[in-house]
Each structure stands twice: as C-alpha cells, then as structure tokens.
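Observations on chain architecture
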Amino acid sequence: MNLSRIALVTGVAASSVLLLSGTAFAHVSVQPQGEAAKGGYATVNFKVPNERDNASTVKLEVSLPADHPIASAMPQPIPGWKAVVTKSKLAKPLEVHGKQITEAPSKITWTADGGKIGPGEFQQFPVSLGRLPEDADQLVFKAIQTYSNKEVVRWIEEAKEGAAEPESPAPVLKLSAAAEDEHGAAATGASAKDDKDDKNAGHDEDTKSEAASDSDSDTTARILGIVGILVGVAGVAFGVLAGRRRSA
C-alpha cells in the first residue's frame, strides 16, 4: 500500500515536470544562421513548432520591430507555403547606401499553400534581413500562429529583465558586435562576398559544432534536473509514510 502511494506521488510529480517543460520550450523562436551583427545583414530562421495534437499550423505572421526598422526583408521560398511582405511608411526615413528609404517591411505572412505543420512537427522560415540597427542589442519580433481549427496563438509578450519568461514570449534576436567593415555578414558587392566565402566556411562549421554542443549540454542538464526532482519527491513521500507507520 505504501509503495503504491509513493509510486502515485512520483508519477504525479513527473507528469507536472514534463508538462511545465513542454510549455516553456515549445514556442516560436528566431535564431541567426551564423551571426547577426549590428549594422550588417543576416539570414535568420523563425522556428515554429506545432503544439496541438488535433490541428496543424497553417499560418504565421511575424511583425518586424517598428522602433528599429529594417530596410530589407526577403523570405526564402518554402515549398507548400506562400510568403507576403507588407511594407509601411516610416515616420523617419532611413539612409541605406546613400539613398533615402521612406518605407520598410513591417510584417511577413506565411500562409499554407498545400503545406502545413502537423502535430509533433516544426518548420523553419528563413529570412534575409538588413541592414540591422547599430543602436540595439536585440530585436523583438512579435508572431501570431494560426491553426487549422481556427485557433490563434499570439507570441507577443516581451520578457522583462529579472522576471520569469512570459507564457507566450515574443521571438527575440540577439545582435552581436558590429563587424569591422560595418556591413556584417553580407558584403556590398559580389566580389567581396566571394573573397570571404572560404574564411566563413570554417567559421560556420565551428559555430554549428558549438551550437550542437551547447544544445546537448542543455538537454543533459534538464534531464538531470528532472531526475533530481523526482528523487527528491520520492524521498519526501517515503519519509512521510515511514513516519506515519512508526506512529501507528
């Protein structure tokens, strides 16, 4: 009887930990391919997981930051999806390569056109962005995810310093220090890009290896943390039951 109670308590604790872990990590996010340097150009991936068991993701809307407008946003074609870039007039014109830009991309919308993100799946939506602002350490991209059952999830909450992660956090892109030529990952001419290809190839491989290593370490830490919680709960339950038995 006592062992059955301990097993029940441990099972409930394990279920709670797993449910909380799923809620915390299964959200729309954004990561750069390589680096996203201030004042430069970068290709970023918006990663969209499907959190539902009975519906597919059929639409994604990503709003570009209005406080730090970006002159160019070019989505990479994805089979089964249609991408539309919406532009808006700027309150203050941008100067890019000596030209005044009076409007800039404000939103990118991907709509399923034969494709979908099914239960237990995710999809990445690559976008080329530039030039990135020089006066910001990060960019916040608010996203709206729509499911085939008409459910809408708004990933628009901005995290506050020192506070816990919000329930529906907006994707955040961290910006690295400006490159020496102030053009980031992309050169202004094709010849400059070709000259850097060989050097960047090795750097990209190192970045991927480091990212994979970090991911493995992070996963291991989470697993050890969960195991520790379960062992602790089991120990407390056993102690309580043992105490009751001695009292009886």
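Report follows, based on the coordinates.

Rules behind the numbers
Residues numbered from 1 in each chain as written. Predicted model: local features only at pLDDT ≥ 70, side-chain atom pairs only at ≥ 80, totals over all residues. Heavy atoms only, no water. Helix = DSSP H or I, 4+ residues; strand = E, 2+ residues; numbered from the N terminus. Buried < 20%, exposed > 50% of the residue type's maximum accessible area, 1.4 Å probe, protein only. Contact = heavy atoms within 4.5 Å. Areas by Shrake-Rupley, 256 points an atom, 1.4 Å probe, with all protein chains shown as cover. Phe/Tyr/Trp six-rings, centres within 6.5 Å; stacked < 30°, edge-to-face > 60°. Lys NZ or Arg CZ within 6 Å of the ring centre and 35° of its normal. Pairing = 2+ DSSP bridges. Axes fitted to C-alpha atoms, helices over the stretch in contact; angles between N-to-C directions. Core = buried A, V, L, I, M, F, W, Y, C linked by side-chain atoms within 4.5 Å.

A count of helices and strands for the chain gives 2 helices and 11 strands. Helices (α) and strands (β) of the chain occur, in sequence order from the N terminus, as α-β-β-β-β-β-β-β-β-β-β-β-α. Within the span of the chain, comprising 248 residues, buried residues form 29% of the whole. Put simply, of all contacts in the chain between residues at least 6 apart along the chain, 73% involve residues at least 24 apart. As displayed, the chain offers around 15,400 Å² of accessible surface, 54% of which is attributable to carbon and sulfur atoms.

Across all of its chains, the model carries 4 aromatic pairs by this definition. When the centroid spacing of 6.3 Å and the interplanar angle of 50° are considered together, the rings of phenylalanine 46 and tryptophan 110 count as tilted. Within this pair, whereas phenylalanine 46 is found in strand β2 (residues 42-49), its partner tryptophan 110 is found in strand β6 (residues 99-112), the two being separated by 64 residues in sequence. Per residue, the accessibility class of phenylalanine 46 equals that of tryptophan 110, and both read buried. Seen in terms of ring centroids, tryptophan 81 and phenylalanine 125 are 5.2 Å apart; in terms of plane orientation they differ by 90°. Their pairing is edge-to-face. Highlighted residues: tryptophan 81 in strand β5 (residues 81-96) and phenylalanine 125 in strand β7 (residues 122-130), separated in sequence by 44 residues. Accessibility assignment for this pair places tryptophan 81 and phenylalanine 125 in one class, buried. Taken together, the aromatic side chains of Phe46, Trp81, Trp110, Phe125 and Phe141 make up a single cluster linked through ring pairs. We note lysine 47 situated over the ring of phenylalanine 122; from NZ or CZ to the ring centre the distance is 4.7 Å.

A separate point is the sheet that holds strand β3 (residues 57-63). Judged by pairing direction, the sheet is antiparallel, and its 5 strands sit side by side in the order β5-β6-β3-β9-β10 without closing on themselves. The strands lining the two open edges of the sheet, one partner per strand, are β5 and β10 (152-155). Strand after strand, the sheet turns through a mean of 15° between neighbouring axes, direction not considered. Relative to β10, strand β9 (residues 142-147) is paired through 4 bridges, and the arrangement is antiparallel. If you follow threonine 146 over to β10, its bridge partner there is valine 152.

Owing to a relative accessible area of 2%, phenylalanine 46 belongs among the buried residues under this scheme. The spatial distance from the C-alpha of phenylalanine 46 to the C-alpha of valine 62 is 8.8 Å, given a sequence separation of 16 residues. In contact with phenylalanine 46, not counting residues within four places along its chain, are Ser29, Val30, Val62, Trp110, Gln123, Gln124, Phe125, Val127 and Phe141.

This next bit is on the pairing of β6. Pairing of β3 with β6, which is carried by 5 bridges, proceeds in the antiparallel orientation. In the strand pairing of β6, valine 62 is matched with isoleucine 108. Note: β5 against β6, 12 bridges, orientation antiparallel. Paired with lysine 87 across the two strands is proline 105, which belongs to β6. Hairpin connection between β5 and β6: a loop of 2 residues separates the two successive antiparallel strands, and histidine 97 in this loop has a positive phi of roughly 55°.

Right, let's talk about the nonpolar core for a bit. Membership of the largest hydrophobic core comes to 31 residues, with the highest contact counts inside it found for Phe46, Trp110, Phe125, Leu129 and Phe141. Taken together, the elements giving at least two residues each to this core come down to β2, β3, β6, β7, β9 and β10. Ranked by the residues each element gives to this core, the list is headed by β2, at 4 residues. Beyond its immediate chain neighbours, meaning those up to four positions away, phenylalanine 125 contacts Val44, Asn45, Phe46, Val48, Leu60, Ile78, Trp81, Trp110 and Ile117.

We now examine the environment of alanine 179. Note on placement: alanine 179 falls in the loop between β11 (172-174) and α2 (190-247). In this structure the C-alpha to C-alpha distance between alanine 179 and alanine 37, which are 142 residues apart in sequence, comes to 6.4 Å.

Looking now at the sheet that holds strand β4 (residues 72-75). Remark on secondary structure: sheet strands pair via backbone hydrogen bonds, oriented parallel or antiparallel. Across the sheet, 4 strands lie side by side as β1-β2-β7-β4; this open sheet has antiparallel pairing. Edge positions in the sheet fall to β1 (29-32) and β4, since each has one partner strand and no second. Strand-to-strand twist of the sheet, defined as the mean angle between neighbouring strand axes without regard to direction, takes the value 30°. Here 8 bridges tie β2 to β7, and the two strands are oriented antiparallel to one another. Bridging across to β7, valine 48 finds its partner in glutamine 123.

Worth remembering: the numbers are spatial, not functional.
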